[in-house]
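# An overview of the molecular structure
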Amino acid sequence: MLWLAAVREVWARAQRNSRLIPSRGPSDDLYLGLMSVRVSSMSVLPPVRRDRIIAQLPQCYNEKAALHTTDEFHHKVKTACQEQRTGTVGRFKIAKVIVVGDLAVGKTCLINRFCKDAFDKNYKATIGVDFEMERFEVLGVPFSLQLWDTAGQERFKCIASTYYRGAQTVVIVFDVNDVASLGHARQWLEDAMKENDPTRVQLFLVGTKKDLSSPAQYCQIEQDAIELAKEIQAEYWAVSSLTGENVRDFFFRIASLAFEANVLAELEKTGSRHIGDVVKINSNSTNLYATSRKKPSNCC
Ligand SMILES: Nc1nc2c(ncn2[C@@H]2O[C@H](COP(=O)(O)OP(=O)(O)OP(=O)(O)O)[C@@H](O)[C@H]2O)c(=O)[nH]1
Ligand SMILES: [Mg+2]
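Below: a short report on this structure. Keep in mind that what you see is a predicted model, and the values were worked out from it rather than measured. (Residues numbered from 1 in each chain as written. Chains lettered and ligands numbered in written order. Predicted model: local features only at pLDDT ≥ 70, side-chain atom pairs only at ≥ 80, totals over all residues.)

## Side note on the nonpolar core
Residues Val97, Ile98, Ile172, Leu205 and Ala255 are the most contacted members of the largest nonpolar core, which totals 78 residues. Sorting elements by how many residues they give to this core places helix α9 (residues 247-269) first, with 13 residues. (Core = buried A, V, L, I, M, F, W, Y, C linked by C-beta atoms within 7 Å. Buried ≥ 20, exposed ≤ 12 C-beta atoms within 10 Å, placed from the backbone. Helix = DSSP H or I, 4+ residues; strand = E, 2+ residues; numbered from the N terminus.)

## Examining the site of ligand 1
Around ligand 1 there are 24 residues in total, and Gly106, Thr108, Cys109, Thr126 and Gly152 lie nearest to it. Here the element with the most residues in the shell around ligand 1 is helix α4 (residues 107-116); it accounts for three residues. The class makeup of the residues in the shell around ligand 1 is nine nonpolar, nine polar and six charged. (Near = placed C-beta within 6 Å. Nonpolar A, V, L, I, M, F, W, Y, C, P; charged D, E, K, R; others polar.)

## Side note on helix α7 (residues 185-194)
Within α7 the residues assigned to the buried category are Ala185, Trp188, Leu189, Ala192 and Met193. All buried residues of α7 fall inside an arc of 125° around its axis, so they share one side. The elements touched by buried residues of α7 are β2 (94-101), β5 (169-175), α6 (179-183), β6 (202-208) and α8 (215-232). (Arc of directions from axis to C-beta. Contact = placed C-beta atoms within 7 Å.)

## Focus on the sheet that holds strand β1 (residues 53-54)
Overall, mixed pairing links the seven strands, which are arranged β1-β3-β4-β2-β5-β6-β7 in an open sheet. The open sheet terminates on both sides in strands that have one partner only, identified here as β1 and β7 (235-238). Summarising the sheet, β1 and strand β3 (residues 129-138) pair through two bridges and their orientation is parallel. Counted as the bridge partner of Ile53 is Glu137 from β3. Along the sheet, α4 contacts β2, β3, β4 (141-150), β5 and β6; its crossing angle with β4, the most-contacted strand, is approximately 150°. Across the face of the sheet, α7 comes into contact with β2, β5 and β6 while running at roughly 160° to β5. (Pairing = 2+ DSSP bridges. Axes fitted to C-alpha atoms, helices over the stretch in contact; angles between N-to-C directions.)

## Some points on the pairing of β3
Bridge count for β3 against β4 is 10 bridges, and the pairing is antiparallel. Counterpart to Arg135 in the pairing with β4 is Ser144. Here β3 hands over to β4 after two residues, with Leu139 in that stretch at a positive phi of 50°.

## Side note on the environment of Ala55
Looking at the element boundaries, Ala55 is found in the loop between β1 and α3 (75-82). Judged by the 9 C-beta atoms lying within 10 Å of it, Ala55 is exposed. It is 8.2 Å that separates the C-alpha atoms of Ala55 and Glu137, two residues lying 82 residues apart in sequence.

Structural data, given as structure tokens:
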């Protein structure tokens with residue numbers, strides 16, 4: 001019954017929100033039908049909001065735990081965008097982002113702060129999954145993120161996990177005031193990676209409710225979080241959905257890194273590189289995680 005309720009809810013959301021259609025889920029047939037609606041409706045989409053335009057690479061939050069620390073987009077990406085050689089990126093590419101973590105750590109509030117500029121102080125558990133679509137323009141190219149907000153409650157976990165598949169970005173959320181929620185991050189990672197290729201996923205570890213912790217308390221948990229982020233090769237961020245601190249920068253960073261990875265992959269696919277000229281997202285010297293992420297040993 002929970003299954004049915006969750007699927008109905010997602011279906012209803014899709015119908016209510018003409019901006020988005022989920023591309024993957026428990027029933028691909030159901031969504032494939034909807035995909036054509038999405039593609040055909042793309043031509044009538046309104047322009048990207050002015051506050052969703054990304055012209056520069058947003059910087060990481062902490063250089064000790066970043067996916068990479070370069071100041072600018074990869075030069076091949078910039079050139080491809082200038083020459084309008086981004087292939088399917090900008091037309092049909094939508095990056096799937098899944099947001100996971102313990103119950104009540106603030107996943108829904110984080111997404112709502114960014115997508116709706118709203119904050120609800122009352123806790124309302126997510127049942128199964130929910131999602132939002134956010135459209136950006138990166139270096140002049142349209143690019144969308146499909147943000148999947150999943151349930152942290154144990155009883156809804158099996159529903160939520162069926163939506164993990166096909167994620168390009170995994171965001172593991174913990175509460176900076178709750179050390180146990182940071183401790184559970186590895187388990188969330190393991191669950192998310194069962195459905196995804198660890199070498200292709202961009203991973204973020206995000207501490208929420210920064211407004212509730214004193215600087216001393218925060219400092220302590222930040223050290224542990226950065227250590228963990230380095231171990232699991234995630235980029236670390238700390239945010240407050242109540243005040244909005246770092247929320248916009250965080251999502252802009254996700255969109256930018258997903259976009260960059262997509263364009264580089266597209267260039268590689270279309271063979272625009274020269275022989276011997278290796279196009280690799282991790283190829284620059286400032287990448288902190290220079291080797292591809294190996295599947296963590298505790299993953300099955
Ligand atoms: N002070 C403060 N409270 C927050 C913040 N983010 C979330 N909260 C509160 O934390 C509670 C849980 O937030 P949710 O976003 O619903 O948590 P969730 O992770 O989506 O929970 P599940 O859907 O059950 O997995 C709510 O009462 C929010 O108001 C924050 O940045 N600061
Ligand atoms: Mg929620």
